[in-house]
2 protein chains.
Amino acid sequence: MKIAILGGTGSIGEGFALRWASKHEISICSREVDKAAKAAGEYTGMLLDKGVLCCGINGCTNETGIKDVDVVVLSVPYQGVISLLKHLRPYFKDQIVISLVVPMKKNTWFKYTPPKQGSAALEIQEVLPKSVKVVSAYHNISAKKLADLELALNYDVVVCGDDEKAKKTVMELTHEINNLHPLDGGGLASSYMIESLTPFLINLAIRNNLSDLGVKFV
Amino acid sequence: MKIAILGGTGSIGEGFALRWASKHEISICSREVDKAAKAAGEYTGMLLDKGVLCCGINGCTNETGIKDVDVVVLSVPYQGVISLLKHLRPYFKDQIVISLVVPMKKNTWFKYTPPKQGSAALEIQEVLPKSVKVVSAYHNISAKKLADLELALNYDVVVCGDDEKAKKTVMELTHEINNLHPLDGGGLASSYMIESLTPFLINLAIRNNLSDLGVKFV
C-alpha cells in the first residue's frame with residue numbers, strides 16, 4: 001500500500017515509517033518539503049543500517065503526499081488539525097485516514113477536552129469528504145517504543161471506525177507491527193473512550209513514576 | 001482490620017471475602033440475614049477445604065455489619081445504591097468506603113451513564129457523612145477470577161480517593177490479593193475514568209469474543 005504520514009517528521013511519525021517501510025511505500029509529509037526529505041533520508045538510512053530493505057520512503061509536501069495514497073496517518077497535534085484538514089480537503093478522495101489525534105489540555109493534570117462532536121475522530125470525519133474513511137487508533141502507543149525496532153510492542157490497540165473494510169485494513173496494519181494486537185473497538189462513536197485514555201495514562205504515569213505507559217486488556 | 005461487604009452474597013463480594021479472610025475479619029452483609037449467614041458459612045467452608053485459616057467470616061444485616069468496621073466494600077449495583085446508603089447513613093461514622101459501583105445502561109452496547117456529580121463515587125461521597133472516606137477501586141476486576149483462589153490476578157487496579165491515608169489502606173489491601181498491582185489514580189474527581197472503563201471493557205470483550213477482561217498498564 002501507499003501510506004502518507006502527516007506529521008511524519010515527528011517522533012510517532014518516525015515510528016510508523018520505520019515499522020511499515022519494509023512492506024509499504026511511505027510518504028513523509030510536512031509543510032516544509034526540505035524537512036520531510038531530510039527525515040525520509042534519515043529513516044531510509046536507519047533501516048539500511050539494520051539491513052531492512054524499504055519499498056521506498058520519500059519526503060513531500062502535505063498536498064502531494066496525501067494524493068493517490070491508500071492510507072493517511074494523522075499524527076499531528078489536535079491544535080491546528082481541523083484547519084490543516086480544511087486546507088487539504090481538495091486532495092482527499094477515498095483514502096483511509098487513521099486518526100491518532102487526542103484533544104487534551106494540561107492544568108495541573110492532563111484532561112480530555114473533546115469537541116462538541118464527542119471526539120476528535122468524529123470532528124475529523126465531519127470535516128473530510130464523506131468518501132474518506134476515518135479510523136481511530138494508536139493513541140496510546142509510545143512514540144519512543146514504536147521507533148525502537150528492537151522492541152516487541154506487547155500492547156493492545158483498540159481500533160474504532162464506521163467502515164468495516166477500512167477498520168480491517170488498519171487492524172491488519174497493526175498486526176504487521178511486532179506483537180501489537182488489534183482489538184475491534186466498534187464504530188467511530190466509541191472513539192472518545194480510546195482518546196480519553198491518553199490523558200488518563202499520562203496522569204497515571206506521572207503519579208506512579210512510570211513512563212511511556214500503554215494498555216493491555218487481559 | 002474489620003471489613004464489611006455490602007452485597008457480600010454476590011459473586012464479586014464472595015471473591016473479596018475469600019481473598020481477605022485470612023488476614024481480616026469479614027462481615028457479609030445483606031438485607032436478608034439468613035442469606036448472609038449461609039454465604040458466610042459457605043465461604044468459611046471453602047477456605048477450610050483449602051487449608052486456609054480465617055480470622056472469621058460472619059453473616060449479618062447491613063445495619064449491624066457496617067457499624068464499627070474499618071472498611072465497607074460497596075459491591076452492589078448502581079441501581080438502588082443511593083437509596084440504600086441514605087437508609088444506612090446513621091450507621092456510618094468514619095469508615096473507608098470502597099466503591100466498585102458503575103452506573104451503566106445497556107442498549108445494543110453498554111454505555112457509561114454517570115450522575116450529575118460526574119461519577120458514582122462522587123455521588124456516593126455526597127450522600128455519606130463527610131467523615132466517611134470514599135475510595136474508588138476494583139471496577140474492572142472479574143468476579144469469577146477474583147473468587148478463584150488458585151488464580152494469580154495479573155492486573156493493575158487504579159485507586160482514586162481524596163483522603164491519602166484511606167487510599168493508601170486500599171492500595172495495601174490490593175497488594176494482599178495475589179499479583180494485583182495498585183496504581184494511584186489521583187482524587188475522587190478522576191473516578192469517572194476508571195468507572196467508564198467497565199462498559200468499555202464489556203463491549204470490547206463482546207466484540208472480540210473475549211471474556212472477563214481486565215486491564216494492565218505496561
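Nothing here was measured: the structure is a model prediction, and the numbers come from that model.

Side note on the relation of the copies chain A and chain B
Each copy of the sequence occupies a distinct position, and chain A is placed on chain B by a rotation of 180° and an axial shift of 0.0 Å, giving an RMSD of 0.0 Å. Put plainly, the chains are arranged around a two-fold axis. Within chain A, the C-alpha atom positioned nearest to the axis of rotation is that of A:Lys216, 2.5 Å from it. Here 100% of the contact residues of chain A are again contact residues in chain B; the copies associate through an equivalent surface.

What to know about the side chain of B:Ser191
All names here are of chain B. Counting through the fold element by element, Ser191 comes out in helix 8 (residues 191-207). Of the residues examined, Ser191 reaches a relative accessible area of 0% and is grouped as buried. Reaching out from Ser191, the side chain makes a polar contact with the side chain of Ser136 at a distance of 2.6 Å. Of the polar contacts made by the side chain of Ser191, one reaches the side chain of Glu195; its length is 2.8 Å.

Side note on the interface of chain A and chain B
Listed per partner, the contact involves 27 residues of chain A and 27 residues of chain B. When chain A packs against chain B, the two sides together hide about 2,100 Å² of surface, and 69% of this comes from carbon and sulfur. Connecting chain A to chain B are 0 salt bridges. One can count 9 residue pairs in polar contact (both at pLDDT 80 or more) joining chain A with chain B. Those elements that place two or more of their residues in the side of chain A that touches chain B are strand 10 (181-184), helix 8 (191-207) and strand 11 (215-217) of chain A. Looking at the side of chain A that touches chain B, the element that brings in the most residues is helix 8 of chain A, giving 8 residues. Taken together, the residues of the side of chain A that touches chain B break down into 14 nonpolar, 8 polar and 5 charged.

Overview of the pairing of strand 10 of chain A
Residues and elements named next belong to chain A. In terms of strand pairing, strand 9 (residues 156-161) meets strand 10 through 4 bridges, oriented parallel. Looking at strand 10, one finds that Val159 is bridged to Asp184. Handedness of the β-α-β unit built from strand 9, helix 7 (residues 164-175) and strand 10 comes out right-handed.

Points about the packing of helix 4 (residues 81-88) of chain A against helix 5 (residues 120-127) of chain A
Residue and element names in this part refer to chain A. Direction vectors running N to C along helix 4 and helix 5 enclose 25°, while the axes themselves pass 10 Å from each other. It follows that helix 4 is roughly parallel to helix 5 by the angle criterion. As helix 4 packs across helix 5, the resulting crossing turns out to be right-handed. Residues Ile82, Leu85 and Lys86 of helix 4 form the contact with helix 5, whose own contacting residues are Glu123, Ile124 and Val127. Residue classes in the contact of helix 4 with helix 5 are distributed as 4 nonpolar, no polar and 2 charged.

Regarding the nonpolar core
B:Phe16, B:Trp20, B:Ile26, B:Ile28, B:Val73, B:Ile98 and B:Tyr138 are the most contacted members of the largest nonpolar core, which has 37 residues in total. Judged by nonpolar contacts, the second largest core, of 36 residues, contains A:Ile12, A:Ala21, A:Ala166 and A:Val170.

Description of unusual backbone geometry
Despite not being glycine, A:Asn209 shows a phi value in the positive range, around 55°. Assignment of secondary structure puts A:Asn209 in the loop between helix 8 and strand 11. Among the residues examined, A:Asn209 registers a relative accessible area of 73% and is labelled exposed. In this model, B:Asn179 sits at a positive phi of 80°, which is unusual for a non-glycine residue. Looking at where B:Asn179 falls in the secondary structure, it is placed in the loop between helix 7 (164-175) and strand 10 (181-184). Its relative accessible area of 43% is what places B:Asn179 among the partly exposed residues.

About the criteria used
- Residues numbered from 1 in each chain as written.
- Chains lettered and ligands numbered in written order.
- Predicted model: local features only at pLDDT ≥ 70, side-chain atom pairs only at ≥ 80, totals over all residues.
- Heavy atoms only, no water.
- Least-squares fit on C-alpha atoms with pLDDT ≥ 70 in both.
- Contact = heavy atoms within 4.5 Å.
- Helix = DSSP H or I, 4+ residues; strand = E, 2+ residues; numbered from the N terminus.
- Buried < 20%, exposed > 50% of the residue type's maximum accessible area, 1.4 Å probe, protein only.
- Polar contact = N/O pair within 3.5 Å; in protein donor to acceptor, adjacent residues only side chain to side chain.
- Buried area = accessible area lost by both parts, 1.4 Å probe.
- Salt bridge = Lys/Arg side-chain N within 4 Å of Asp/Glu carboxyl O.
- Nonpolar A, V, L, I, M, F, W, Y, C, P; charged D, E, K, R; others polar.
- Pairing = 2+ DSSP bridges.
- Right-handed = clockwise from strand over helix to strand, strands pointing away.
- Axes fitted to C-alpha atoms, helices over the stretch in contact; angles between N-to-C directions.
- Parallel < 35°, antiparallel > 145°, perpendicular 65-115°, else oblique.
- Left-handed = near helix turned anticlockwise from the far one by under 90°.
- Core = buried A, V, L, I, M, F, W, Y, C linked by side-chain atoms within 4.5 Å.

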